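What follows is each chain in one-letter form.
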Amino acid sequence: MKTVKISALVLAMAGVFATSAHAQSAKTNAWEGAYGQIGVGYGMFVPKIGSGTAVTKNSAVAPAGIPGVPAGTPLTALGYPANVSQGASASNVNNVNTGLANIAAGYNFGINETWILGVAATYYPGASSSATGQLSVANTSISGALGTLPVPGGSSTATYNVKNLYSIILTPGYAIDKDRLAYAKVGYTGATIGLNGPTLAYQSTNLTGYTLGLGYKQMITQSLYAFGEVNYASYGTKSLTATLTTGTQLQGMTVSGVGTDILVGVGYRF
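Thresholds, definitions, all that
- The residue count restarts for each chain, going from 1 along the sequence in the order it is written.
- Side-chain atom pairs in this predicted model are given and counted only at pLDDT of 80 or more, local residue features only at pLDDT of at least 70, and totals for whole chains, interfaces and linings cover all residues.
- By convention in this description, side-chain values take in all heavy atoms of the structure and omit both hydrogens and water.
- A run of H or I in DSSP counts as a helix once it spans at least four residues, and a run of E counts as a strand once it spans at least two, with each numbered from the N terminus.
- It is over C-alpha atoms that the radius of gyration is taken, and the globule rule equals 2.2 Å times the number of residues to the power 0.38.
- We call two residues contacting when some pair of their heavy atoms lies within 4.5 Å.
- In these tables, accessible area is a Shrake-Rupley quantity obtained with a 1.4 Å probe, and a residue counts as shielded only by the protein chains included in the view.
- Charge counting treats Lys and Arg as positive and Asp and Glu as negative, with His and both chain ends excluded.
- For this purpose, a charge sits on NZ of Lys, CZ of Arg, CG of Asp or CD of Glu.
- Here a salt bridge means any side-chain nitrogen of Lys or Arg lying within 4 Å of a carboxyl oxygen belonging to Asp or Glu.
- Residue burial is assigned from relative accessible area. The probe radius is 1.4 Å, only protein chains are included, and a residue is buried under 20% of its type maximum, exposed over 50%, and partly exposed in between.
- Think of a polar contact as two N or O atoms within 3.5 Å of one another; within protein, one of them needs to be a possible hydrogen donor and the other a possible acceptor, and neighboring residues in sequence only count if both atoms come from side chains.
- Confidence of the predictor in every single residue is expressed as pLDDT, which spans 0 to 100.
- We call a set of buried Ala, Val, Leu, Ile, Met, Phe, Trp, Tyr and Cys residues a nonpolar core when their side-chain atoms join them within 4.5 Å.
- In short, DSSP must find at least two bridges between two strands for them to pair.
- Stacked, edge-to-face and tilted are the three classes for Phe, Tyr and Trp ring pairs, Trp counted by its six-membered ring, which pair at centre distances within 6.5 Å; planes under 30 degrees apart are stacked, over 60 edge-to-face, the rest tilted.
- The criterion for a charge sitting over a ring is simple: Lys NZ or Arg CZ within 6 Å of the ring centre, and within 35 degrees of the ring normal.

A. Region of the structure containing the overall build of the chain. Looking only at helices and strands, the chain has one helix and 15 strands in total. In terms of C-alpha radius of gyration, the chain reaches 30 Å, well past the compact-globule figure of 18 Å for 270 residues. Judged by the C-alpha coordinates and their principal axes, the chain covers about 120 × 40 × 25 Å. Sequence separation of 24 or more characterises 72% of the internal contacts of the chain that already satisfy a separation of 6 or more. Surface accessibility of the chain: about 14300 Å² in total, with carbon and sulfur atoms responsible for 63%. Between the centroid of the 12 positive side chains of the chain and the centroid of its 6 negative side chains there is a distance of 12 Å.

So this is what it looks like as structure tokens:
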């Protein structure tokens, strides 16, 4: 009876190993299947901000001492415009240079023994370090019953950062062998630009665009691998809506930009 039980156990174990071997052999190549990874690195974002208009409600009143005009008379009652428009622009906008982290998960489909096609999602948690720029409002003038009156402009420092960066990508890859994989990345990406400053209440604008990348993976153990990659993202132009603490509204300004990053990390191949 004992011999029978041992024989049954041996047969069962042989069946398990045979099933495992069959599952492995069923893969088109070693890089087929699911994976997850984490990475750290360095990134840079280069912004492009277009000019626009600063629109302010005209709440000015006539001063005392003007013949025939009672002090405190709204200028709008004297033929002046209800809103004052001034040119608005950004200058000396610095690039964001920041450390970053990245998490990703995906699945590789085997095309043949050499080529794969993967699909993946990536996310960069947290916000980048901040960068600054100058927000300027140009001098102008308005005309009415009292003649032409000057409206001064000014400038102030604004701060911005990049956060909520994500991408959904396709990853065609070349399996050099079971331990080495070279791959490319192409897909859709998005990010949030956060703006604030002494005269600018916090505002955020969501950008979207495309991303490209190149990478390499090297197995360390049977399941654990190391990787390195470089990524590029181009974000399309988006209208910027912002309100200064004075109530002035920025209109017609646009924001876009490009980003690059270099990552190294480790992953697990299931």
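B. Summary view of the pattern of salt bridges. As enumerated under the stated definition, the model contains three salt bridges in all. Note that Asp177 and Arg180 form a salt bridge whose closest N and O atoms lie 2.9 Å from each other. On the basis of relative accessibility, which here comes to 31%, the residue Asp177 falls in the partly exposed class. Using a relative accessible area of 33% as the deciding quantity, one classes Arg180 as partly exposed. Among the ionic pairs, Glu229 bridges to Lys185, the shortest N-O distance being 2.8 Å. In this pair, Glu229 is assigned in strand E12 (residues 224–239) and Lys185 in strand E10 (residues 180–197), connecting sequence segments 44 residues apart. This pair shows no difference in class: Glu229 is buried, exactly as Lys185 is.

C. Quick peek at the side chain of Thr192. Within the element layout of this structure, Thr192 appears in strand E10. A polar contact is formed between the side chain of Thr192 and the side chain of Asn206, at a distance of 2.8 Å. With sequence-adjacent residues up to four places away left out, Thr192 is seen in contact with Asn161, Val162, Lys163, Asn164, Ser204, Thr205 and Asn206.

D. Molecular detail of the confidence of the model for the chain. In the predicted model, the chain carries a mean pLDDT of 89, and 90% of its residues have values of at least 70. This model gives residues 1–25 a pLDDT under 50, and the stretch forms zero contacts once residues within four places in sequence are excluded.

E. Representation of the environment of Asn97 in the model. The topology assignment puts Asn97 in strand E4 (residues 96–110). Along the primary structure Asn97 and Ser128 are separated by 31 residues, whereas in three dimensions their C-alpha atoms are 7.9 Å apart. In this structure Asn97 touches Tyr42, Gly43, Met44 and Ser129, once residues within four positions along its chain are discounted. There is a polar contact of 2.7 Å between the side chain of Asn97 and the side chain of Tyr42. Engagement of the side chain of Asn97 in a polar contact is seen with the backbone oxygen of Asn95, the distance being 3.5 Å.

F. Broad picture of the nonpolar core. Within the largest apolar cluster, 38 residues are counted, with the highest numbers of intra-cluster contacts made by Phe45, Tyr160, Ile193, Tyr235 and Leu250. For this core, the element with the most residues is strand E9 (residues 154–177), which contributes six residues. Excluding residues within four positions of it along the chain, Ile193 makes contact with Phe45, Tyr160, Asn161, Val162, Gln203, Ser204, Thr205 and Leu207. Ala62, Tyr80, Val84 and Val151 belong to the second-largest nonpolar core, a separate cluster that totals eight residues.

G. Structural view of the environment of Ala105. Turning to its location among the elements, Ala105 is positioned in strand E4. Along the backbone, Ala105 and Ile168 are 63 residues apart, and their C-alpha atoms lie at a distance of 10 Å.

H. Up close: the pairing of strand E3 (residues 83–91). When strand E2 (residues 52–57) meets E3, the two strands line up antiparallel, connected through six bridges. Of the residues in E3, the one forming a bridge with Lys57 is Asn83. In terms of strand pairing, E3 meets strand E6 (residues 131–137) through four bridges, oriented antiparallel. Paired with Ser89 across the bridge in E6 is Ser136.

I. Representation of the packing of aromatic side chains within the structure. Scanning all chains against the criterion turns up seven aromatic pairs. Between Tyr107 and Phe109, the ring centres sit 4.8 Å apart and the planes meet at 55 degrees, which makes this aromatic pair tilted. Given a relative accessible area of 46%, Phe109 falls into the partly exposed group. Directly above the aromatic system of Tyr35 lies the positively charged group of Lys217, at a separation of 3.8 Å from the ring centroid. Geometry around Tyr183 places Lys217 over its ring, the cationic atom sitting 5.2 Å from the centre.

J. Quick look at the environment of Val258. Residue position: Val258 is located in strand E15 (residues 254–269). The exposure class of Val258 is partly exposed, given its relative accessible area of 29%.

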